[in-house]
Protein chains: 2
Amino acid sequence: MSDKDHHRKRKAEREALREELLEAQFELRTLQHGSVLLLISGNDFAGKAEIIHSFYEWLDNRYLNTRAFALPKGVERRMPRLWRYWRTLPPTGELGFYLGSWYHQPLMRLSRGQMSIPRFTAQMQQVLRFERLLNDEGIILVKIWLHLTDDQQGKHQRIDPALLKQTVAMREWGDFSAADYEKVREGARLMTELTSTQGAPWIRVPAADPHERDQRIGQIVLEAMRQRLACEPAPRPVYGWQPAQRDYLGQLDYSLALDKDDYQAQLETWQTRLRELIQHPRFARRSLLLVFEGSDAAGKGGTIRRITQCLDPRILRVHGTSAPTDEERRMPYLWRFWRRIPAPGNVVVFDRSYYGRVLVERVEGFCEAPDWQRAYGEINDFEQQLSDRGTLVIKFWLAITEEEQLKRFKAREESPVKRYKLTEEDWRNRERWPDYAQAMNDMVEHCSTRQAPWHLIPAENKRYARIQALRIVCETLTDALKEH
Amino acid sequence: MSDKDHHRKRKAEREALREELLEAQFELRTLQHGSVLLLISGNDFAGKAEIIHSFYEWLDNRYLNTRAFALPKGVERRMPRLWRYWRTLPPTGELGFYLGSWYHQPLMRLSRGQMSIPRFTAQMQQVLRFERLLNDEGIILVKIWLHLTDDQQGKHQRIDPALLKQTVAMREWGDFSAADYEKVREGARLMTELTSTQGAPWIRVPAADPHERDQRIGQIVLEAMRQRLACEPAPRPVYGWQPAQRDYLGQLDYSLALDKDDYQAQLETWQTRLRELIQHPRFARRSLLLVFEGSDAAGKGGTIRRITQCLDPRILRVHGTSAPTDEERRMPYLWRFWRRIPAPGNVVVFDRSYYGRVLVERVEGFCEAPDWQRAYGEINDFEQQLSDRGTLVIKFWLAITEEEQLKRFKAREESPVKRYKLTEEDWRNRERWPDYAQAMNDMVEHCSTRQAPWHLIPAENKRYARIQALRIVCETLTDALKEH
């Protein structure tokens with residue numbers, strides 16, 4: 001076949017693929033079935049930039065989300081490893097391309113002998129849980145490994161200065177000899193073995209011929225989109241999930257109370273203590289996440305205020321959690337909380353939180369059983385990642401009895417100050433009291449981890465509850481700042 | 001009056017105020033009439049933190065947006081001065097509190113003799129335009145200056161170690177002697193004279209007595225909210241606005257064209273040039289914002305791709321501008337673009353942009369005449385601030401004739417690849433061609449500034465248009481990187 005024909009043939013192939021890709025992209029946007037995220041890894045001279053450009057050329061680039069991650073720097077190094085990837089996920093109906101994904105740094109450190117195989121394996125386990133969550137949230141992951149043999153790579157370096165310039169700009173690996181690359185390939189073999197799953201397979205793509213390379217990857221993306229379009233992501237049943245056997249709420253002593261003077265005295269003591277602790281130099285390297293849950297009118301707001309009163313507004317953020325915005329609905333449910341985690345030296349308070357997934361969303365049927373059943377593990381992972389980076393996660397459930405709630409609702413109806421806090425919904429929720437109680441018990445059972453246990457506080461007496469919360473925050477901080 | 005009565009009286013006052021504040025806050029949220037932003041400045045020992053805490057105690061703190069700004073650091077220092085304030089504005093229906101607002105740094109530098117009065121005055125002019133925009137977008141600004149006499153300040157420092165500890169944490173001014181504070185007061189007098197406006201007044205509040213101080217500020221916020229509630233923010237007529245007298249579109253030569261070979265040759269030349277320019281070390285300190293506007297089917301997408309092909313995806317972001325999300329609707333219209341401006345060394349491309357305000361929003365009547373009439377000046381301010389920080393703003397209008405558009409629409413209907421780009425709306429817009437032409441001419445007339453002129457490119461011939469755009473980008477970059 002003459003060069004001309006050869007060229008014409010390739011052009012035709014490219015055009016044909018483009019039509020199919022555009023059609024699939026269009027349907028993905030209309031159906032809002034989920035999204036596709038492509039991770040592109042591998043040899044530095046395999047033309048990662050060109051691949052992205054092909055997609056920019058093929059697809060409607062207003063709905064392509066390309067992100068390229070260099071080694072973490074600045075605040076990124078002091079936040080959980082997956083934070084920056086969480087923040088940039090593609091919204092439902094769109095495509096994402098990650099260069100230098102969560103695989104890059106571990107693989108680099110492994111192949112440079114800076115990380116042991118067991119540690120590498122452990123990190124890959126965390127990655128697998130993360131990718132499983134993305135799958136369950138409707139994101140199809142495709143992981144591409146671009147392969148070049150040494151001499152192909154040498155050829156690239158020799159013959160194509162323009163490509164070289166381009167790829168140099170895209171270097172992720174720095175100056176690597178052929179021997180180094182051999183180590184990388186070894187590491188990559190281990191990595192792909194450990195992390196190839198049905199929902200997020202690794203696909204090895206020969207990168208020597210740019211046309212073949214891009215056609216192949218285009219086909220892969222097309223299949224992924226079609227797989228997504230074929231059916232609405234169906235929640236996978238969670239096996240062996242057990243409801244709580246204990247009634248944690250029932251075992252609380254609701255008679256606990258504090259009289260006014262005692263309260264005033266203790267309030268002063270603990271608030272002064274908290275003020276000191278937060279200003280402790282060592283806190284600058286830690287951070288604090290306070291989660292407040294509890295039935296309506298349990299006194300969350302008042303308790304939160306007694307704590308925030310001690311804090312410099314500059315390091316404090318209070319987030320009330322209500323229904324997600326439409327931007328948030330197009331992301332995995334944890335996204336809006338990942339967005340709000342505290343930076344080092346800061347304090348974030350959630351007045352209601354991501355636990356809504358296993359409380360209101362479960363009880364009101366906003367998500368299906370498998371969704372809230374898997375959430376317990378996902379939430380534990382989330383909190384684990386936070387505490388691994390020095391964030392203290394302290395969780396409070398303020399518990400009141402059904403009768404007490406009724407009293408407080410009635411009081412609210414009278415009080416002009418509190419009238420606004422009472423809605424129709426609050427009355428509706430009351431009818432579901434037993435369901436909420438069960439959900440709450442399950443939550444405590446499954447999410448009371450060593451690093452972030454649940455603190456159940458009988459709040460029949462507001463003064464008692466406020467002091468308890470303050471005391472627990474102070475004591476947790478004291479321990480944490482003592483350490484190392 | 002006995003201490004006890006005195007105390008009781010104050011408690012009653014506080015409670016009464018709280019009721020009114022809560023009621024107003026509730027209505028503000030329900031009516032979504034706009035928002036109130038409070039700037040708190042002044043003496044370091046006046047208890048800024050306590051004031052915030054009072055509001056946390058009084059109001060539903062899920063809808064309070066407190067932000068405290070230290071002196072800019074890291075990337076903040078390389079972005080426009082107002083960028084970090086833009087990003088954190090309170091959404092419609094909510095309250096915002098800024099500590100260390102856009103007044104802090106200029107005043108500090110002025111009173112330390114690090115900034116001349118003329119320069120200070122110029123900055124205040126910019127601030128006035130910014131605040132006027134916020135007003136017009138429905139945000140009421142209240143600017144509090146907390147005042148203490150020297151001996152009051154001394155007294156505070158002496159008698160209240162807890163307050164001192166708290167305020168030390170809140171120090172904005174560092175170690176200032178009484179003499180220094182005198183200079184600050186002088187500067188503050190000038191500042192408040194220059195920037196007190198009807199929509200954003202400065203109010204001097206004596207801070208010696210915490211109770212009086214907080215009651216006073218509470219009252220001020222209450223009045224502000226009521227003022228906002230009293231009436232939907234009515235657009236202020238813009239005086240002396242003139243439509244364009246020239247027909248810029250009519251004067252273009254639509255016959256300009258390039259043949260295929262010429263195009264291929266030039267494409268290669270300019271793309272290589274662009275690749276080199278972007279990798280120029282000096283570009284790391286600059287950034288590039290490309291704005292593409294033009295009638296439907298003018299070829300924006302294709303032209304953008306010819307440019308992005310030369311860029312490392314790591315420094316590139318392409319944003320398609322369509323209808324704002326509900327999060328964006330609760331913010332001033334420029335907010336979603338401030339969010340997306342390029343960091344140093346980066347390139348951002350807007351496929352349609354903030355000019356939608358004076359194009360589609362004007363023509364389709366999504367905003368009222370005063371709104372789009374004031375937008376020209378607001379947009380010029382925006383671009384001015386970008387170029388002051390080293391961002392090159394390059395704006396393209398791709399122009400085609402009505403006939404050519406019809407041809408392309410028909411072609412799109414046939415082509416499977418382009419079918420998806422054609423919507424009912426595109427046909428509707430065609431009927432408004434003259435309106436869009438007028439709007440476009442007005443835009444060119446009012447927004448072709450020295451630092452960011454409009455480039456009108458006849459795009460009847462796509463090849464010609466693409467090369468023109470590439471050439472202009474390269475030439476602008478070349479000049480910019482030569483400079484200084």
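Residues numbered from 1 in each chain as written. Chains lettered and ligands numbered in written order. Predicted model: local features only at pLDDT ≥ 70, side-chain atom pairs only at ≥ 80, totals over all residues. Heavy atoms only, no water.

The name given to chain A in an unreviewed UniProt entry is Polyphosphate kinase-2-related domain-containing protein, and the organism recorded there is Pseudomonas abyssi.

**What about the interface of chain A and chain B?**
Frequently, the measure chosen for interface size is the accessible area removed from exposure when the parts meet. Listed as interface residues are 48 residues of chain A and, on the opposing side, 48 residues of chain B. A buried area of about 4,800 Å², summed over both sides, lies between chain A and chain B, and 53% of it is on carbon and sulfur atoms. Looking at the side of chain A facing chain B, the largest losses of area belong to Arg-314, Val-417 and Tyr-420 of chain A, adding up to 15% of the total buried there. At the surface where chain A touches chain B, the tally comes to two salt bridges. Put simply, Glu-327 of chain B and Arg-339 of chain A hold a salt bridge, and the shortest N to O gap is 3.3 Å. Where chain A packs against chain B, one counts 10 residue pairs in polar contact (both at pLDDT 80 or more). Put simply, the parts of the chain that give the side of chain A that touches chain B at least two residues each are helix H1 (3-31), helix H2 (48-58), strand S2 (64-68), helix H7 (161-169), helix H10 (260-279), helix H11 (300-308), strand S7 (316-320) and helix H12 (326-329) of chain A. (Contact = heavy atoms within 4.5 Å. Buried area = accessible area lost by both parts, 1.4 Å probe. Salt bridge = Lys/Arg side-chain N within 4 Å of Asp/Glu carboxyl O. Polar contact = N/O pair within 3.5 Å; in protein donor to acceptor, adjacent residues only side chain to side chain. Helix = DSSP H or I, 4+ residues; strand = E, 2+ residues; numbered from the N terminus.)

**Remarks on the environment of Phe-409 of chain A**
Structurally, the position occupied by Phe-409 of chain A is in helix H16 (residues 402-414). Along the sequence, Phe-409 of chain A and Arg-419 of chain A sit 10 residues apart, while their C-alpha atoms lie 9.0 Å from each other.

**Observations concerning H2 of chain A**
Extensive coverage of H2 of chain A is indicated by the burial of 10 of its 11 residues. If you check which residues of H2 of chain A are buried, you get Lys-48, Ala-49, Glu-50, Ile-51, Ile-52, His-53, Ser-54, Phe-55, Tyr-56 and Trp-58 of chain A. (Buried < 20%, exposed > 50% of the residue type's maximum accessible area, 1.4 Å probe, protein only.)

**Points about the environment of Gln-227 of chain B**
Residue and element names in this part refer to chain B. Its location among the elements puts Gln-227 in helix H9 (residues 210-230). The class of Gln-227 is partly exposed, set by a relative accessible area of 48%. In this structure the C-alpha to C-alpha distance between Gln-227 and Val-36, which are 191 residues apart in sequence, comes to 9.9 Å.

**Remarks on the side chain of Asp-60 of chain A**
All names here are of chain A. By secondary structure assignment, the location of Asp-60 is in the loop between H2 and S2. Of the polar contacts made by the side chain of Asp-60, one reaches the side chain of Arg-62; its length is 2.7 Å. Residue contacts for Asp-60: discarding those within four places in its chain leaves Leu-22 and Gln-25.

**Examining the side chain of Thr-321 of chain B**
Residues and elements named next belong to chain B. With respect to the helices, strands and loops of the structure, Thr-321 is situated in the loop between strand S7 (316-320) and helix H12 (326-329). Among the polar contacts listed, one links the side chain of Thr-321 to the backbone oxygen of Arg-352, at a separation of 2.7 Å. Beyond its immediate stretch of four places on either side in the chain, Thr-321 contacts Arg-336, Phe-337, Asp-351, Arg-352 and Ser-353.

**Focus on the domain arrangement of chain A**
Residue and element names in this part refer to chain A. According to the domain assignment, chain A consists of domain 1 (3-230) and domain 2 (249-481). Just the C-alpha atoms count here: the centres of domain 1 and domain 2 sit 40 Å apart. With 23 residues of domain 1 in contact, the opposing surface of domain 2 contributes 19 residues. The largest contributions to the domain 1 side of the interface with domain 2 come from Pro-80, Trp-86 and Glu-137, which together make up 31% of the buried area. Two residues, Arg-330 and Glu-94, come together in a salt bridge whose shortest N-O distance is 3.3 Å. Linking domain 1 to domain 2 there are 11 residue pairs in polar contact (both at pLDDT 80 or more). Per-class residue counts for the side of domain 1 that touches domain 2 are 12 nonpolar, three polar and eight charged. (Domains from an automatic or database assignment. Nonpolar A, V, L, I, M, F, W, Y, C, P; charged D, E, K, R; others polar.)

**A closer look at the state of the cysteines**
This model, assessed by the stated rule, comprises zero disulfides over all chains. Among the cysteines around Cys-310 of chain A, which has no disulfide bond, Cys-474 of chain A carries the closest sulfur, lying 7.5 Å off. (Disulfide = S-S within 2.5 Å.)

**Observations concerning the sheet that holds strand S3 (residues 95-99) of chain A**
Residues and elements named next belong to chain A. Here five strands make up an open sheet; going across it, the order is S2-S3-S1-S4-S5 and the pairing parallel. The sheet terminates laterally at S2 and strand S5 (202-206), the two strands that pair on one side only. Mean inter-strand twist for the sheet, computed between neighbouring axes without regard to direction, equals 20°. Against the sheet, H2 contacts strand S1 (35-42), S2, S3 and strand S4 (139-147), and its axis sits at roughly 155° relative to S1. Here helix H9 (residues 210-230) sits on the sheet and contacts S1, S3, S4 and S5; the angle it forms with S4, its principal contact strand, is near 165°. (Pairing = 2+ DSSP bridges. Axes fitted to C-alpha atoms, helices over the stretch in contact; angles between N-to-C directions.)

**Here we look at the relation of the copies chain A and chain B**
The two copies are related by a screw operation: chain A maps onto chain B through 180° of rotation and 0.1 Å of translation along the axis, at an RMSD of 0.0 Å. Within this description, the copies of the chain are treated as partners about a two-fold rotation axis. A high fraction, 100%, of the interface residues of chain A reappear at the interface in chain B, so the copies pair face to face through one surface. (Least-squares fit on C-alpha atoms with pLDDT ≥ 70 in both.)

**So, the sheet that holds strand S8 (residues 347-351) of chain B**
Residues and elements named next belong to chain B. Taken in spatial order, the five strands line up as S7-S8-S6-S9-S10 in an open sheet, and their pairing is parallel. On the outer flanks of this sheet lie S7 and strand S10 (454-458), each paired with one strand and no other. Averaged over all neighbouring strand pairs, the angle between strand axes comes to 20°, with direction disregarded. One ladder, built from eight bridges, connects strand S6 (residues 287-294) with strand S9 (residues 391-399); its direction is parallel. Across the sheet, Gly-294 pairs through a bridge with Leu-398, a residue of S9. Strands in contact with helix H11 (residues 300-308) are S6, S7, S8 and S9; relative to S6, the strand with the most contacts, it is inclined by about 160°.

**Some remarks on helix H19 (residues 462-482) of chain B**
Look at H19 of chain B: 30 Å from first C-alpha to last across 21 residues, which is about the 30 Å you get at 1.5 Å a residue. Where H19 of chain B begins, the capping side chain belongs to Asn-461 of chain B, and its oxygen is found 3.1 Å from the backbone nitrogen of Arg-463 of chain B. (Expected span 1.5 Å × (residues − 1).)

**Digging into the packing of aromatic side chains**
Given two aromatic rings, one states the distance between the centres and the angle between the planes to describe the pair. Enumeration according to the criterion identifies 50 aromatic pairs over all chains in this entry. Geometrically, the ring pair formed by Phe-55 of chain A and Phe-97 of chain A is tilted, given 4.8 Å between the ring centres and 40° between the ring planes. Placement of Phe-55 of chain A in helix H2 and of Phe-97 of chain A in strand S3 is noted, with a sequence separation of 42 residues between them. Judged on exposure class, the residue Phe-55 of chain A and its partner Phe-97 of chain A are both buried. Their ring planes at 80° and their centres at 5.1 Å tell us that Tyr-354 of chain A and Phe-382 of chain A sit as a pair that is edge-to-face. Of this pair, Tyr-354 of chain A sits in the loop between strand S8 (347-351) and helix H14 (360-363) while Phe-382 of chain A is found in helix H15 (residues 369-388), placing the two residues 28 residues apart along the sequence. Since its relative accessible area comes to 1%, Tyr-354 of chain A is described here as buried. Looking at Phe-382 of chain A, the relative accessible area reads 1%, which means it is buried. Taking NZ or CZ as reference, Arg-29 of chain A lies 3.6 Å from the ring centre of Tyr-63 of chain A, over its face. Positioned above the aromatic ring of Trp-372 of chain B, the side-chain terminus of Arg-362 of chain B is 3.9 Å from the ring centre. (Phe/Tyr/Trp six-rings, centres within 6.5 Å; stacked < 30°, edge-to-face > 60°. Lys NZ or Arg CZ within 6 Å of the ring centre and 35° of its normal.)

**Examining the packing of H2 of chain A against H9 of chain A**
All names here are of chain A. Put simply, H2 and H9 touch, their axes get as near as 10 Å, and they point 60° apart. On the basis of the axis angle, H2 is oblique to H9. Note on packing geometry: the crossing formed by H2 with H9 is right-handed. For the pair H2 and H9, the contacting residues are Glu-50, Ile-51, Ser-54, Phe-55 and Trp-58 in the first and Arg-213, Asp-214, Gln-215, Ile-217, Gly-218 and Val-221 in the second. Per-class residue counts for the contact of H2 with H9 are five nonpolar, three polar and three charged. (Parallel < 35°, antiparallel > 145°, perpendicular 65-115°, else oblique. Left-handed = near helix turned anticlockwise from the far one by under 90°.)

**Some details on unusual backbone geometry**
Of note, Ala-297 of chain A is a non-glycine position whose phi angle comes to about 70°, a positive value. Looking at the secondary structure, you find Ala-297 of chain A in the loop between strand S6 (287-294) and H11.

**Quick notes on the pattern of salt bridges**
Residue and element names in this part refer to chain A. Summed over all chains, the structure comprises 76 salt bridges over all chains. Linking Asp-136 and Arg-132 is a salt bridge whose minimum nitrogen-to-oxygen distance equals 3.6 Å. One end of the pair is Asp-136 and the other is Arg-132, both in helix H5 (residues 117-136) and four residues apart, which spans about a single turn.

**Regarding the packing of helix H4 (residues 104-111) of chain A against H5 of chain A**
Residues and elements named next belong to chain A. Axis separation between H4 and H5 bottoms out at 10 Å; the angle between their running directions is 170°. By the angle between their directions, the pair H4 and H5 is classed as roughly antiparallel. When H4 is examined against H5, the residues Pro-106, Leu-107, Arg-109 and Leu-110 are found in contact with a partner set consisting of Ile-117, Arg-119, Phe-120, Gln-123 and Met-124.

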